[in-house]
Amino acid sequence: MSSEEMYIFYHGLMLPKETHCSESLKFAQEFTFQDNDVVAVTYPKAGTIWMQEILPLVLNGGDLTPIQTIPNWDRVPWLEEKRLAFVVDQLASPRAMVTHFPHHLMPPSFHTSKAKVIYVMRNPMDIMVSSYYFHQMAGFLEDPGTFDEFMEKFLEGRVLFGKWTDHVKSWRHKELGDRIIYITYEEMVQDLPAAIRRISDFLDRNLSEETIQKIAEHCSFKTMKANNMSNFSLVPKVYMDADKSPFFRKGVAGDWKNHFTSEQLAQFTSVISKELEGENFSLPYLD
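Per an unreviewed UniProt entry, the chain goes by the name Sulfotransferase and belongs to Seriola dumerili. Turning to the chain, the UniProt record has this under Sequence similarities (unreviewed entry): "Belongs to the sulfotransferase 1 family."

And the structure:
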């Protein structure tokens, strides 16, 4: 299939038609945020599925029922995807959602609400590697081509949801005050209980240490990979072929070192650094 058949273009961003349509994007723009809503914002492959596991557990005090009985795309749905319209009325309050939208595409109701945001960042080199393998196994996405070819697309923003740097800047530039926290994938890998504690405090949950440890245990890579409600094994093979590449591949930080040549690394960091020049925030990935 051609890219025109596979993707819908929305405000210049490329989204897969399998999960998005003009109606779902209209539904997202007209969506009414409530003050106690929580939305995890990620660039694709930056930790979205992890947040779909963590948020229900934090919000309901560690009750495992949702993560063991509801597929992740229904328990913490994407704001912009087709499924939201079908499950929105079933979401328990406080509602948790995820989105890949840059800040300027969030609906008007988001800006007037007190809904809280957890912005998850990840090393763009690891994002690109993860995305490269995802394109190999996802039947509704274009074949990524060679690693070199995919890197060119990634750096130019000819990938899902555009340039990584544009996405980060769109959320970093906004003054949302105490409505937003920034957390990194690497923090979560290094010390998951500490990350969950930060999220819990931000959402005024005051969870006990015992509950935090329990949540961390159930949100480990190994446990999530074995959870059929979280590992995408319910998705037909025609859409996601785990034989080509497992959805839960490694769950580590720094796997990019096994893929980039020194020349590719130099080109990648040069482009990213230039696009983040003069920003008032620093990222550890490019030091």
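Moving on from the coordinates now.
**What about the overall build of the chain?**
On a plain count of helices and strands, the chain comes out with 15 helices and 6 strands. By the burial criterion, 57% of the 287 residues in the chain qualify as buried.

**Focus on the packing of helix α8 (residues 124-137) against helix α15 (residues 262-275)**
Contact pair α8 / α15: the axes reach a minimum separation of 11 Å and the direction vectors enclose 115°. Relative to α15, α8 is oriented so that their crossing is right-handed. Contacts between α8 and α15 involve Pro124, Met125 and Met128 from the former and Leu265, Phe268 and Thr269 from the latter. Broken down by class, the residue content of the contact of α8 with α15 amounts to 5 nonpolar, 1 polar and no charged.

**Notes on unusual backbone geometry**
Residue Pro94 is bonded to the preceding Ser93 through a cis peptide linkage, with omega at 0°. By the secondary structure assignment, Pro94 is in the loop between α6 (84-87) and β4 (96-99). Positive phi outside glycine occurs at Phe161, with the angle close to 65°. Here Phe161 is to be found in the loop between α9 (147-156) and α10 (164-172). We classify Phe161 as buried; its relative accessible area is 4%. Phi is positive for Asn206, which is not a glycine, with a value near 50°.

**Digging into the sheet that holds β4**
The sheet built from 4 strands is open, its strands ordered β4-β3-β5-β6 with parallel pairing. Only two strands of the sheet have a single partner each, and these edge strands are β4 and β6 (180-184). Pairwise comparison of adjacent strand axes, ignoring direction, gives a mean angle of 20° for this sheet. Packed on one face of the sheet, α10 meets β3 (38-42), β5 (116-121) and β6 and runs near 145° to β5.

**Re the pairing of β6**
Within β6, 5 of the 5 residues are buried, which leaves the element mostly enclosed by the surrounding structure. Residue alternation in β6 divides its side chains into two sets, Ile180, Tyr182 and Thr184 and Ile181 and Ile183, and both sets are buried.

**Some thoughts on the nonpolar core**
In terms of nonpolar packing, the biggest core is built from 60 residues, with Phe33, Phe101, Phe110, Trp164, Trp171, Phe260 and Phe268 touching the most fellow members. At 7 residues, α8 tops the list of elements feeding residues into this core. Judged by nonpolar contacts, the second largest core, of 34 residues, contains Val38, Leu64, Ile67 and Val120.

**Some remarks on the packing of helix α3 (residues 48-59) against helix α12 (residues 192-202)**
The contact between α3 and α12 brings their axes to 11 Å, and the two run at 60°. Considering the angle they form, α3 stands oblique to α12. In terms of crossing hand, the pair formed by α3 and α12 is right-handed. Mapping the contact onto sequence places Trp50, Met51, Ile54, Leu55 and Val58 in α3 and Leu192, Ile196, Ile199 and Ser200 in α12. Considered class by class, the residues forming the contact of α3 with α12 number 8 nonpolar, 1 polar and no charged.

**Overview of the side chain of Gln52**
Inspection of the secondary structure assignment puts Gln52 in helix α3. Residues contacting Gln52, with those up to four places away along its chain left out, are Asn72, Trp73, Arg75, Val76, Trp78 and Val98.

**Observations regarding the pairing of β5**
The element β5 is extensively covered by neighbouring structure, given that 5 of its 6 residues are classed as buried. Examined bridge by bridge, β3 and β5 share 5 bridges and lie parallel to one another. Note on β5: the bridge partner recorded for Val39 is Val117.

**With respect to α9**
Those residues of α9 not exposed but buried are Phe147, Phe150, Met151, Lys153, Phe154 and Leu155. For α9, the elements touching its buried residues are α8, α10 and α15. Backbone geometry just downstream of α9 places Gly157 in the positive-phi region, at approximately 80°.

**Brief notes about the pattern of salt bridges**
In total, this model carries 9 salt bridges according to the counting rule given. Between Asp37 and Arg95 there is a salt bridge whose closest N-O contact spans 2.7 Å. Linking Asp37 in the loop between α2 (22-29) and β3 with Arg95 in the loop between α6 and β4, this pair joins segments that are 58 residues apart in sequence. Note on Asp37: relative accessible area 1%, which makes it buried. When the shortest N-O distance is used, the salt bridge between Glu275 and Lys163 registers 3.0 Å. Remark: Lys163 occurs in the loop between α9 and α10 and Glu275 occurs in helix α15; sequence separation between them is 112 residues. According to the relative accessible area criterion, Lys163 is partly exposed, its value standing at 25%.

The rules behind these values
- Residues numbered from 1 in each chain as written.
- Predicted model: local features only at pLDDT ≥ 70, side-chain atom pairs only at ≥ 80, totals over all residues.
- Heavy atoms only, no water.
- UniProt positions renumbered as here; feature names shortened; annotations may be inferred.
- Helix = DSSP H or I, 4+ residues; strand = E, 2+ residues; numbered from the N terminus.
- Buried < 20%, exposed > 50% of the residue type's maximum accessible area, 1.4 Å probe, protein only.
- Axes fitted to C-alpha atoms, helices over the stretch in contact; angles between N-to-C directions.
- Left-handed = near helix turned anticlockwise from the far one by under 90°.
- Contact = heavy atoms within 4.5 Å.
- Nonpolar A, V, L, I, M, F, W, Y, C, P; charged D, E, K, R; others polar.
- Pairing = 2+ DSSP bridges.
- Core = buried A, V, L, I, M, F, W, Y, C linked by side-chain atoms within 4.5 Å.
- Parallel < 35°, antiparallel > 145°, perpendicular 65-115°, else oblique.
- Salt bridge = Lys/Arg side-chain N within 4 Å of Asp/Glu carboxyl O.

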